[in-house]
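Geometric and topological summary
Each chain is listed here by its residues.
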Amino acid sequence: MPATNRSELAAFDADRARQAVQQTVSGPLYAFCEYDTESFRPLYLSDETVSMYESQAAMLEHFETIHTNVHMDFMQIKLFRNTLFPDAERVEYITTAMDFMKILRVYVGETGLFVAVDLDEPVIPIVDAIKETIEWPPNQNS
């Protein structure tokens, strides 16, 4: 049975966003987490994800390592917006594709959503599902 938690970090309904993403993806949803610069909270972990670890402690330790690095996303947003592409109004998401999965990080104000899906899963429908589910900040990243 997948591991689930209720949202506690996001100012929006991240649980509803997770449900929308689950209904949108055609393949597996491996993980759906909320995070900010200080905290990281898994909201959904598939059976496949949980079984990758020898224990819950090992899994949480790995997630902490991920968060230690993923929080740098917010610094990258400023780099893209303020330095590299100053004409851009906002940075909405960043995607990382590996040989076995794709990780999508969607930014909603000061909160990020970490979404791990199958490598072949299209990104735009996931982002659109999140945007349709929550009130998207009008001045994202400004």
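These notes cover the structure that comes with them. (Residues numbered from 1 in each chain as written. Predicted model: local features only at pLDDT ≥ 70, side-chain atom pairs only at ≥ 80, totals over all residues. Heavy atoms only, no water.)

The full count for this structure, using the stated rule, is 5 salt bridges. The partner of Glu-8 in a salt bridge is Arg-41, and the shortest N-O contact between them spans 3.4 Å. One end of the pair, Glu-8, is in the loop between strand 1 (3–4) and helix 1 (14–24); the other, Arg-41, is in strand 3 (residues 40–45), and 33 residues separate them in sequence. Here Lys-131 ties to Glu-92 by a salt bridge, and the two come within 2.8 Å at their closest N and O atoms. With Lys-131 in helix 5 (residues 124–133) and Glu-92 in the loop between helix 4 (73–84) and strand 4 (93–97), this pair connects stretches of sequence that are 39 residues apart. Sharing partners across several salt bridges, the network here consists of Arg-90, Glu-92 and Lys-131. (Salt bridge = Lys/Arg side-chain N within 4 Å of Asp/Glu carboxyl O. Helix = DSSP H or I, 4+ residues; strand = E, 2+ residues; numbered from the N terminus.)

Looking at where Arg-18 falls in the secondary structure, it is placed in helix 1. One buried charge, Arg-18, has no salt-bridge partner; the nearest side chain with opposite charge is Asp-15, at 4.9 Å. The residues contacting Arg-18, other than those within four sequence positions of it, are Phe-32, Leu-43 and Tyr-44. (Buried < 20%, exposed > 50% of the residue type's maximum accessible area, 1.4 Å probe, protein only. Lys, Arg positive; Asp, Glu negative; His and termini not counted. Contact = heavy atoms within 4.5 Å.)

Secondary-structure assignment places Asp-118 in the loop between strand 6 (111–117) and helix 5. Overall, Asp-118 belongs to the partly exposed group, its relative accessible area being 24%. Through-space distance from the C-alpha of Asp-118 to that of Asn-5 is 22 Å; in sequence the pair is 113 residues apart.

The next subject is the packing of aromatic side chains. Under the definition given, this model contains 5 aromatic pairs. Each ring, one from Phe-80 and one from Phe-85, has its centre 6.2 Å from the other, and the planes form 5 degrees; the classification is stacked. Members of the aromatic cluster, joined through ring pairs, are Tyr-35, Phe-40, Tyr-53, Phe-63 and Phe-114. (Phe/Tyr/Trp six-rings, centres within 6.5 Å; stacked < 30°, edge-to-face > 60°.)

Empty space within the largest pocket amounts to approximately 340 Å³. Forming the boundary of the largest pocket are 19 residues, of which His-62, Ile-66, Met-101, Ile-103 and Phe-114 lie nearest the centre. The greatest single-element share of the lining of the largest pocket, amounting to 4 residues, is contributed by helix 3 (residues 56–70). Here the lining of the largest pocket is composed, by residue class, of 15 nonpolar, 3 polar and 1 charged. (1 Å grid on protein atoms, 1.4 Å probe; cavity = no way out; pocket = protein on both sides within 12 Å on 5 of 7 lines; lining within 4 Å. Points joined across faces, edges and corners; volume = space filled by probe spheres on them. Nonpolar A, V, L, I, M, F, W, Y, C, P; charged D, E, K, R; others polar.)

What follows concerns a nonpolar patch on the surface. Together, Leu-79, Phe-80, Leu-84 and Phe-85 make up a nonpolar patch on the protein surface, roughly 360 Å² of accessible area in all. Within the fold, Phe-80 resides in helix 4. (Patch = residues over 30% accessible without salt bridge, like charges linked within 9 Å, V, L, I, M, F, W, Y side chains within 5 Å. Areas by Shrake-Rupley, 256 points an atom, 1.4 Å probe, with all protein chains shown as cover.)

Before going further, it helps to examine helix 3. Between its first and last C-alpha, helix 3 extends 20 Å over 15 residues, near the 21 Å set by a 1.5 Å rise per residue. Listed in full, the buried residues belonging to helix 3 are Met-59, Phe-63, Ile-66, His-67 and Val-70. Taken end-on, helix 3 shows its buried residues confined to a sector of 100 degrees, consistent with a single buried face. For helix 3, exposure combined with an orientation more than 90 degrees from the buried face picks out Ala-57 and Glu-61. Tucked into the core, helix 3 has its buried residues touching strand 2 (29–35), strand 3, helix 2 (47–51), helix 4, strand 5 (102–108) and strand 6. (Expected span 1.5 Å × (residues − 1). Arc of directions from axis to C-beta.)

With that settled, the discussion passes to helix 1. Of the positions making up helix 1, those classed as buried are Ala-14, Asp-15, Ala-17, Arg-18, Ala-20 and Val-21. Regarding helix 1, its N-cap is Asp-13, as a side-chain oxygen of that residue lies 3.3 Å from the backbone nitrogen of Asp-15 further along. (Polar contact = N/O pair within 3.5 Å; in protein donor to acceptor, adjacent residues only side chain to side chain.)

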